[in-house]
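Single-letter residue listing:
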2 protein chains.
Amino acid sequence: MSEAWTDWDHIVKVDPDKELAPGDSFEDVCRTGTDALEIGGTLDMTEEKMQAVIDACAKYDVALYQEPSNPAVVVDDDALDGYLVPTVFNAGDVSWVVGAHKEWVRLDEIDWDRTFTEAYIVLNPDASVAELTEADCDQTAEDVAAYAELAEHMFGQPIVYIEYSGTFGDPEKVKAASEALDEATLFYGGGIHDYESANTMAQHADVIVVGDLLHEEGCEAVEETVEGATDATAQRI
Amino acid sequence: MSEAWTDWDHIVKVDPDKELAPGDSFEDVCRTGTDALEIGGTLDMTEEKMQAVIDACAKYDVALYQEPSNPAVVVDDDALDGYLVPTVFNAGDVSWVVGAHKEWVRLDEIDWDRTFTEAYIVLNPDASVAELTEADCDQTAEDVAAYAELAEHMFGQPIVYIEYSGTFGDPEKVKAASEALDEATLFYGGGIHDYESANTMAQHADVIVVGDLLHEEGCEAVEETVEGATDATAQRI
């Protein structure tokens, strides 16, 4: 399953700490047309909560990845296709770049064939991930492009992830990152809530990520964003 | 010339800010038997000083790499085989992990075909590089092994560099790093001053780096360390 994400248009990020929207089941989530579920969150995560989501989704035809926020919550389960591990390139605290990762490698036997990193560029200063990582969100389009190029060429990152979690970002910055990359895959997350917003960002990003939308609005709204993302891919080809 | 270092046993690091030892010329340096010169330093570096060393060494049969300490001193010269750019994995300040690098990428057009990174693990707390980067040098052999594995597998680093600059390090930590690596090349620098010290560290490290020895003792002493390093390689095969 290595580099499966090169064929993806859309990801649903599932926070095991939050309820699904009223009336939705995990079967509905898996049938939205999304390419993959990325299971993870930053607050109050536990291994049990992670496992419950994996168990509910394993039988459907959608890729299942864990995005561990810290080494303690990593679930070892064959139902998972793998692990997408965040590293925050514009963090102010080194533990979010390489420090926590080193602790994980020290404590565990890592299965490198299915463990991959996502090079985050965190751009919404009001997001909890920005506070937690002490991210420097004051970045021009040129800065974002430089981070993307750096991540791919100096640090071998297969995925660059522009994260505006909580707000819709600046398409010009996403475009700048896209133009700076040769082969790495560009993820975009933040403020995607309908066909139009997904379609706009998917003009530049390879993969659109929705998270809050699932828990707050539900699977019908997610389906619209899947359509917006896949239509943009078709338009770009 | 990509990945030339996989065949190297020995590097001389030349600090353009320092004089050669009395009686030595750059021709003597290039004829010590070392595989490569790595030109760079951390203090008071200027492009002119760099260029003078390149000009003096270009005609000899030894690989020439610049190790830029900051973007302002990068020399664009075809006589260079390439650039080895340090990133300090146990730095306390993110600018030494990815920050200064991002500024360089933003300001310059990088020639990625001949630009490579060295993942430093800085282990002598009394060294100026440790102070400058606010490195956490309190690392067990297991920690060092974890950094090495992390650098290779999560951050695509072709070179891991154990740096004890100013003192002879703990061979057990170098051994631990060596055992943690699959394909990345292990550099060792610090306190190498004769055949024995070079031979001891080269039991574990792929490439031995000497720097101060060149400027303080001269080329004859360097030659001894080349022999110690190459003999160890022969013994390991």
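Residues numbered from 1 in each chain as written. Chains lettered and ligands numbered in written order. Predicted model: local features only at pLDDT ≥ 70, side-chain atom pairs only at ≥ 80, totals over all residues. Heavy atoms only, no water.

Engineer: How should I be thinking about the relation of the copies chain A and chain B in this particular structure?
Structural biologist: Relating one copy of the chain to the other requires a rotation about an axis plus a shift along that axis. It takes a turn of 180 degrees to lay chain A on chain B, together with a shift of 0.0 Å along the axis; the resulting RMSD is 0.0 Å. The operation mapping one copy onto its partner corresponds to a two-fold rotation axis. When the interface residues of chain A are mapped onto chain B, 100% of them again lie at the interface, so the same face is used by both copies. (Least-squares fit on C-alpha atoms with pLDDT ≥ 70 in both. Contact = heavy atoms within 4.5 Å.)

Engineer: I would appreciate a short explanation of the UniProt feature "binding site: Mg(2+)" (unreviewed entry) in chain A in the present structure.
Structural biologist: Residues and elements named next belong to chain A. Residues annotated by UniProt as "binding site: Mg(2+)" (unreviewed entry) correspond here to Asp15 and Thr42. Mapped onto the elements, Asp15 comes out in the loop between strand S1 (10–14) and helix H1 (26–30). Among the residues examined, Asp15 registers a relative accessible area of 15% and is labelled buried. (UniProt positions renumbered as here; feature names shortened; annotations may be inferred. Helix = DSSP H or I, 4+ residues; strand = E, 2+ residues; numbered from the N terminus. Buried < 20%, exposed > 50% of the residue type's maximum accessible area, 1.4 Å probe, protein only.)

Engineer: Got a minute to help me understand the sheet that holds S1(A) in this structure?
Structural biologist: In any sheet, the strands associate via hydrogen bonds between backbone groups, in a parallel or an antiparallel arrangement. Residues and elements named next belong to chain A. Read around the closed barrel, the eight strands follow the order S1-S2-S3-S4-S5-S6-S7-S8; overall the barrel is parallel. The mean inter-strand angle of the sheet, taken between neighbouring strand axes irrespective of direction, is 30 degrees. Of the strand pairs in this sheet, S1 and strand S8 (residues 207–210) are connected by three bridges, and their pairing is parallel. Paired with Ile11 across the two strands is Val209, which belongs to S8. Contacting strand S6 (159–163) and strand S7 (185–189), helix H6 (residues 171–180) runs over the sheet at an angle of about 165 degrees to S7. (Pairing = 2+ DSSP bridges. Axes fitted to C-alpha atoms, helices over the stretch in contact; angles between N-to-C directions.)

Engineer: Help me understand the pairing of strand S5 (residues 115–122) of chain B in this model?
Structural biologist: The side chains of a regular strand alternate between both faces of the sheet. All names here are of chain B. S5 sits mainly inside the fold: eight of its eight residues count as buried. Here S5 shows a buried face lined by Thr115, Thr117, Ala119 and Ile121 and a second buried face lined by Phe116, Glu118, Tyr120 and Val122. Sheet topology places strand S4 (residues 82–88) next to S5; six bridges connect them, and they run parallel. When the bridges of S5 are listed, Leu84 appears paired with Phe116. One crossover worth recording links S4 to the parallel S5 by way of helix H3 (residues 99–107), and it is right-handed. (Right-handed = clockwise from strand over helix to strand, strands pointing away.)

Engineer: Hey, could you run me through a negative patch on the surface in this one?
Structural biologist: Among the surface-exposed residues, Glu47(A), Glu48(A), Asp76(A), Asp78(A), Asp108(A) and Glu109(A) lie close enough to one another that they form a single negatively charged patch. Locating Glu109(A) in the fold gives a position in the loop between helix H3 (99–107) and strand S5 (115–122). (Patch = residues over 30% accessible without salt bridge, like charges linked within 9 Å, V, L, I, M, F, W, Y side chains within 5 Å. Areas by Shrake-Rupley, 256 points an atom, 1.4 Å probe, with all protein chains shown as cover. Salt bridge = Lys/Arg side-chain N within 4 Å of Asp/Glu carboxyl O. Lys, Arg positive; Asp, Glu negative; His and termini not counted. Charge placed at Lys NZ, Arg CZ, Asp CG, Glu CD.)

Engineer: I tried to follow the packing of aromatic side chains on my own but got confused; where do I start?
Structural biologist: Aromatic ring pairs: the centre-centre distance and the angle between the two ring planes describe each pair. Residue and element names in this part refer to chain A. Throughout the structure, instances matching the rule amount to 13 aromatic pairs over all chains. Consider the rings of Phe89 and Phe155, whose centres lie 5.6 Å apart with planes at 80 degrees: the pair is edge-to-face. One end of the pair, Phe89, is in the loop between strand S4 (82–88) and H3; the other, Phe155, is in the loop between helix H5 (141–153) and S6, and 66 residues separate them in sequence. Its relative accessible area of 2% is what places Phe89 among the buried residues. Both rings, one in Tyr164 and one in Tyr188, keep their centres 6.1 Å apart while their planes meet at 40 degrees; by these two values the pair is tilted. (Phe/Tyr/Trp six-rings, centres within 6.5 Å; stacked < 30°, edge-to-face > 60°.)

Engineer: Is there a simple way to explain the interface of chain A and chain B in this structure?
Structural biologist: For an interface, size is often stated in terms of accessible area lost upon the parts coming together. Between chain A and chain B, the residue contacts involve 30 residues of the former and 30 residues of the latter. Surface buried jointly by chain A and chain B totals about 2600 Å² across both partners, of which 74% is contributed by carbon and sulfur atoms. Of all residues in chain A, Trp112(A), Met154(A) and Phe155(A) bury the most surface against chain B, accounting for 28% of the area lost on that side. The tally of links between chain A and chain B comes to four salt bridges. (Buried area = accessible area lost by both parts, 1.4 Å probe.)

Engineer: Would you explain the sheet that holds strand S2 (residues 36–39) of chain B in this entry?
Structural biologist: All names here are of chain B. Taken in spatial order, the eight strands line up as S1-S2-S3-S4-S5-S6-S7-S8 and close into a barrel, and their pairing is parallel. Put simply, the sheet's adjacent strands are angled 30 degrees from each other on average, direction ignored. Bridge analysis of S5 against strand S6 (residues 159–163) gives five bridges, and the strand direction is parallel. Bridge pairing links Ile121 to Ile162 in S6. Of the strands in this sheet, strand S1 (10–14) and strand S8 (207–210) touch helix H9 (residues 219–236), which is tilted by about 150 degrees from S1.

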